[in-house]
Amino acid sequence: MRSLTGLPFQRTHWEALKRIPKGKVTTYGDLAAYLGTKAVRAVGTAVGRNPHALEVPFHRVVRSDGRVGSYSGEGGVRGKIALLASEGVQVRRGRVVDFPEKRHRFV
DNA sequence: AACTTGACAGCAG
DNA sequence: GCTGCTGCCAAGT
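Residues numbered from 1 in each chain as written. Chains lettered and ligands numbered in written order. Predicted model: local features only at pLDDT ≥ 70, side-chain atom pairs only at ≥ 80, totals over all residues. Heavy atoms only, no water.

### Topic: the packing of helix 1 (residues 9-18) against helix 3 (residues 40-49)
Heads up, the rule is: Axis definition: a line fitted to C-alpha atoms, limited for helices to the stretch in contact. Angles are taken between N-to-C directions and run from 0 to 180 degrees. Only DSSP runs of H or I with at least four residues qualify as helices, and only runs of E with at least two residues qualify as strands; both kinds are numbered from the N terminus onward. Here is the rule for angles: anything less than 35 degrees is roughly parallel, anything more than 145 is roughly antiparallel, 65 through 115 is roughly perpendicular, and the remaining ranges are oblique. Pairs of residues are marked as contacts when any of their non-hydrogen atoms sit within 4.5 Å. Each residue receives one of three labels: charged for Asp, Glu, Lys and Arg, nonpolar for Ala, Val, Leu, Ile, Met, Phe, Trp, Tyr, Cys and Pro, and polar for the others, Gly being one of them.
With their axes 9 Å apart at the nearest point, helix 1 and helix 3 run at an angle of 85 degrees to one another. By the criterion of interaxial angle, the relationship of helix 1 to helix 3 is roughly perpendicular. Seen from helix 1, the contacting residues are Phe9, Gln10 and His13; seen from helix 3, they are Ala42, Val43, Ala46, Val47 and Arg49. Counted by class, the contact of helix 1 with helix 3 contains 5 nonpolar, 2 polar and 1 charged residues.

See the structure below:
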């Protein structure tokens, strides 16, 4: 399906990603909900195949339970954790510390 | 047009 | 708390 703006699903959520403030994170589920879809898996697929990992903060997307999930960029999950840490989001044993607090809500 | 893949979520054991 | 199975939807082949 075509998303809200008419752009391919794979692209629309990138715009939403840019709204996430530094030091905060969001989940694939929230992202999907914000876009008006239940395709959380499709979101994950789209994010994972994105070609603009340096333009959009894809590393700020984590799983609903607070785990970092995976990462296709440099260093894999490790690199993702490092990036989050540099923004003030601490990760312990693969989970975001104080996840409910760090979690950004789309409005 | 059909089948397979996947940076997930939620529930059961 | 952890491992495993099922359901979801879009993209790519």
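### Looking at the packing of aromatic side chains
Cut-off, in case you're wondering: Working definition: a ring pair exists when centres of Phe, Tyr or Trp rings (six-membered ring for Trp) sit within 6.5 Å. Plane angles under 30 degrees give stacked, over 60 give edge-to-face, the rest tilted.
For the structure shown, the criterion picks out 2 aromatic pairs. Note on Trp14 and Phe58: the rings are 6.1 Å apart at their centroids and 85 degrees apart in plane angle, and the pair reads as edge-to-face. Of this pair, Trp14 sits in helix 1 while Phe58 is found in the loop between helix 3 and strand 2 (61-62), placing the two residues 44 residues apart along the sequence. Ring centres of Tyr34 and Phe106 lie 4.7 Å apart, and the angle between their planes is 20 degrees; this geometry places the pair in the stacked category. Taken together, the residues span a long stretch of sequence, with Tyr34 in helix 2 (residues 28-34) and Phe106 in the segment after helix 5 (99-102) at a distance of 72 residues.

### Quick look at the protein's contact with DNA strand B
To keep it simple, the criterion reads: Proximity is defined per residue: any heavy atom of the residue falling within 4 Å of a molecule or strand makes that residue near it. For the purposes of these results, a polar contact is taken to be a pair of N or O atoms within 3.5 Å, where, inside protein, one atom must be able to donate a hydrogen and its partner to accept one; residues adjacent in sequence count only when each atom of the pair is a side-chain atom.
Neighbouring DNA strand B are 18 residues, the closest being Arg41, Thr45, Gly48, Ser64 and Ser70. Counting only atoms of DNA strand B within 4 Å of the protein, the sugar-phosphate share comes to 45%. In this structure, Ser70 approaches DNA strand B through a main-chain N or O atom, which is 2.8 Å from a base nitrogen. Looking at the surface near DNA strand B, the elements with two or more residues in it are helix 2 and helix 3. No other element matches the 7 residues that helix 3 contributes to the surface near DNA strand B. In terms of residue class, the surface near DNA strand B is made up of 6 nonpolar, 9 polar and 3 charged.

### Re helix 4 (residues 76-86)
Inclusion rule: Partly exposed describes any residue whose relative accessible area lies between the buried limit of under 20% and the exposed limit of over 50%, with all areas from a 1.4 Å probe on protein chains only and scaled to the type maximum. The arc under discussion is defined with respect to the helix axis, by the directions toward the C-beta atoms.
Residues Gly76, Gly79, Lys80 and Leu84 constitute the buried set of helix 4. Buried residues along helix 4 cover an arc of 135 degrees about the axis, so they all sit on one side. Residues of helix 4 that are exposed and point over 90 degrees away from its buried face: Arg78 and Ser86. Buried residues in helix 4 make contact with helix 2, strand 2 and strand 3 (91-92). Residue Gly88 follows helix 4 closely and has a positive phi angle near 100 degrees.

### Some remarks on the environment of Pro100
Position of Pro100 relative to the elements: it lies in helix 5. Along the primary structure Pro100 and His52 are separated by 48 residues, whereas in three dimensions their C-alpha atoms are 27 Å apart.

### Considerations on unusual backbone geometry
The phi dihedral of Arg93 falls on the positive side, at around 55 degrees, and the residue is not glycine. Within the secondary structure, Arg93 sits in the loop between strand 3 and strand 4 (95-96). Taking relative accessible area as the criterion, Arg93 reaches 73% and is therefore assigned exposed.

Shape descriptors only; they carry no functional weight alone.
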